[in-house]
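Report on the structure
Now for the letters of each chain:
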Amino acid sequence: MIAVAVVGVSPAQAATPVRIMPLGDSITGGPGCWRAVLWDRLQRNGYRDIDFVGTQPGGGCNLASWDGDNEGHGGYRAVGIADQNQLPGWLAATHPDVVLMHLGTNDIWGNTPTATILTAYGKLVDQMRASNPATKILVAQIIPMTPSGCAWCPSGVAALNSAIPGWVASRTTAQSPITVVDQFTGFDTAADTSDGVHPDDSGFQKMSDRWYPALVPLLGGSTPGDATPPSTPTGLTATVDCSLRVTVRWAASTDNVAVTGYDVFRSLNGGAFTSIGTAAAPPFTDTLNGMYQYQVRARDAAGNTSAFTAPVSALPPPCPQDTQPPTVPGTPTAPTTTTTSVGLVWTVSTDNVGVAGYEVYRAPGYGGSFTPVGTSTTAAFTDTGLSAATDYRYQIRARDAAGNTSTFSAAGTVRTAGGTGGCSATLTLQTGWGGGYVMQPNTVTNTGTAAISGWTVTLTLPAGHVITGSWNATVTVSGQTVTARGVTGQNANLGAGAGTTWGFQAGRPNGDTTVPSVAACATP
């Protein structure tokens, strides 16, 4: 939701800056680059008497200078913010005139009913109006979400978004009107998110494009006249030389005012397209390290962007044959086990061209020959059909597209679950950015045949990483060792085969992209 107290004056005439608070969860907070794109567009179009406010700092997002203050909290729910009365303190600390709210994603993930979410929205609106009776509010119909393991999420988002207009009509007033901002229509989770939930660069652009025309009239102006996007670039090609340097070329676009640059996007191995840079004019150079495809779009000074070009593939020329094998993979371990399966992970290999996949071999725990059990294109593999409480040995070797194979890794011994007790733990990266990341849903599973009355998960944070928040577990930190315990009365007790989830947010040094990947689990 958005609250604006200053209306009816042009940007040049505003006596004091309009204080704008972006409010939400990790889609807003970390890194929430739609805020940077929106700030940049407002500045370029003359709206400089504004101040983004919030108790949370935010930066990066490929902009040298912008106001990153916000109230985006990773993992937070609208219901939790309302029930715990967290908003009044944030309002008192920052005194916003404007509050941009995109909130409800974590509520949907938790299968919270629409009516419960709208009740929370209502309490937040009441708290905004108690802080400033003249608050103007914009509430977002949230972007779609299609994460794995959440079959109800798409329908939950649709139900909430369908109910928002009617709820808005029932709560709007002349002094404090509420406006709906449709962030859902035209948003594609395959093309516009990195994980089915969190926007990538194209998603951040789409969110900014929806906020901008709704916000500008509340700042006393109107949408600038240039709403014409540049033409789509044509003649896109991607050539590769024998040093694996990629040169991307295209014919320049045209615009009713002027083209100011081009955004270059890349797809790796058929995955989602993500932004890899900008160019004032063609060409753009890159280094081939996998099966790459490229798309380009043009941009003008008003922030209008063209449609994307059709994708083109980068294919290496007939160069001297690749005879260099990949490096040796790391020793396999199994952070997750059941009575009949093990979930293997290992350190990735590198290659002069690119690793195409891995071959997984298994042998009895003591003695016996290794035989192939499967392949994987990532550094993970689940082996099934095993016996309970039994030891197995595993080796991994990498292969490249030319058929070269690495030396086998050292053998790792794994024991399947069994007996009357025990548990397993897995860590899942939900999203990451330059200065931190969110790990959820992290799972704990009772691998035994009897109920357990508590569980303890331990993991090691990489050097320089710090925990900044956690949920659904009691978390303590000693040095770089993190200990998470089940919450009594909530999720400490697990029946045989049952599981639960927890999560945490951590900060890390800028430029560091590592995250913890292995956790151990113990029962009382």
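With respect to the sheet that holds strand β20 (residues 412-415)
Taken in spatial order, the 4 strands line up as β17-β16-β19-β20 in an open sheet, and their pairing is antiparallel. Strands with a single pairing partner mark the edges of an open sheet, and in this sheet they are β17 (371-376) and β20. Neighbouring strand axes in the sheet, compared pairwise and without regard to direction, differ in orientation by 35° on average. Bridging between strand β16 (residues 355-364) and strand β19 (residues 391-400) involves 9 bridges; their strand directions are antiparallel. Looking at β19, one finds that A363 is bridged to R393.

Structural notes on the packing of aromatic side chains
Tallied over the full model, the rule gives 10 aromatic pairs. In this structure, R41 packs its charged tip against the face of Y212, placed 4.1 Å from the ring centre.

Topic: unusual backbone geometry
Residue P31 follows G30 across a cis peptide bond; omega there is -5°. Considering the arrangement of structural elements, one finds P31 in the loop between α1 (26-29) and α2 (34-44). Of note in the backbone geometry, N85 takes a positive phi value of approximately 50° without being a glycine. Of note, N85 is situated in the loop between α3 (78-83) and α4 (87-94). Assessed through its relative accessible area of 41%, N85 is described here as partly exposed. Its identity as a non-glycine residue notwithstanding, N269 has a phi of 55°, on the positive side. Here N269 lies in the loop between β9 (259-268) and β10 (274-279).

A few points about the pattern of salt bridges
For the structure on display, the rule yields 12 salt bridges. Here K206 ties to D192 by a salt bridge, and the two come within 2.6 Å at their closest N and O atoms. Taken together, the positions of K206 in helix α9 (residues 201-215) and D192 in helix α8 (residues 189-192) put the pair 14 residues apart, joining distant regions of the chain. What makes D192 buried here is its relative accessible area of 3%. As a salt-bridge pair, R362 and D383 come within 2.7 Å of each other at their nearest N and O atoms.

A word on the packing of α4 against helix α6 (residues 114-131)
Between α4 and α6, the shortest axis-to-axis distance is 10 Å and the interhelical angle comes to 30°. Classified by the angle their axes make, α4 and α6 are roughly parallel. Read as a crossing pair, α4 and α6 show a hand that is right-handed. Listed contacts from α6 to L87, P88 and L91 of α4 are L124, Q127, M128 and S131. By residue class, the composition of the contact of α4 with α6 is 5 nonpolar, 2 polar and no charged.

Observations concerning the confidence of the model for the protein
Of all residues in the protein, 95% attain a pLDDT of 70 or more, and the chain-wide mean is 89. Across residues 1-14, confidence stays below pLDDT 50; counting only partners more than four residues off in sequence or on other chains, it has 53 contacts.

Examining the sheet that holds β10
Strands pair in a sheet through their backbones, by hydrogen bonds, and they do so in one of two ways: parallel or antiparallel. One open sheet holds the 4 strands; their spatial order is β10-β9-β12-β13, and the pairing between them is antiparallel. At either end of the open sheet lies a strand with only one pairing partner, and these are β10 and β13 (312-313). Pairing of β9 with β10 involves 5 bridges; the strand directions are antiparallel. Following the sheet pairing, F265 is matched in β10 by S275.

Section: the pairing of strand β8 (residues 245-251)
Consecutive side chains along a regular strand alternate between the two faces of the sheet. By the bridge criterion, 5 bridges tie strand β7 (residues 234-240) to β8 in an arrangement that is antiparallel. When the sheet's bridge partners are listed, T237 is paired in β8 with R249. Taken together, β7 and the strand that follows it, β8, pair antiparallel across an intervening segment of 4 residues, in which L244 is found at a positive phi of about 70°. Both β8 and strand β11 (residues 284-287) contribute to a ladder of 4 bridges, which runs antiparallel. Its bridge partner lying in β11, R245 is registered against T287.

Observations regarding helix α7 (residues 153-171)
With 19 residues, α7 should reach 27 Å at 1.5 Å per residue; the first-to-last C-alpha distance of 26 Å fits that figure. Of all bends in α7, the biggest is about 30°, found at I164, and the proline P165 comes one to four residues later. Looking at α7, one finds that the buried residues are C153, G156, V157, L160, N161, I164, W167 and V168. Among the structural elements, α5 (105-109), α6, β5 (137-141) and β6 (178-182) are those in contact with the buried residues of α7.

Basis of the calculations
- Residues numbered from 1 in each chain as written.
- Predicted model: local features only at pLDDT ≥ 70, side-chain atom pairs only at ≥ 80, totals over all residues.
- Heavy atoms only, no water.
- Pairing = 2+ DSSP bridges.
- Helix = DSSP H or I, 4+ residues; strand = E, 2+ residues; numbered from the N terminus.
- Axes fitted to C-alpha atoms, helices over the stretch in contact; angles between N-to-C directions.
- Phe/Tyr/Trp six-rings, centres within 6.5 Å; stacked < 30°, edge-to-face > 60°.
- Lys NZ or Arg CZ within 6 Å of the ring centre and 35° of its normal.
- Buried < 20%, exposed > 50% of the residue type's maximum accessible area, 1.4 Å probe, protein only.
- Salt bridge = Lys/Arg side-chain N within 4 Å of Asp/Glu carboxyl O.
- Parallel < 35°, antiparallel > 145°, perpendicular 65-115°, else oblique.
- Left-handed = near helix turned anticlockwise from the far one by under 90°.
- Contact = heavy atoms within 4.5 Å.
- Nonpolar A, V, L, I, M, F, W, Y, C, P; charged D, E, K, R; others polar.
- pLDDT = per-residue confidence, 0-100.
- Expected span 1.5 Å × (residues − 1).
- Bend = angle between axes of the 7 residues up to and from the residue.

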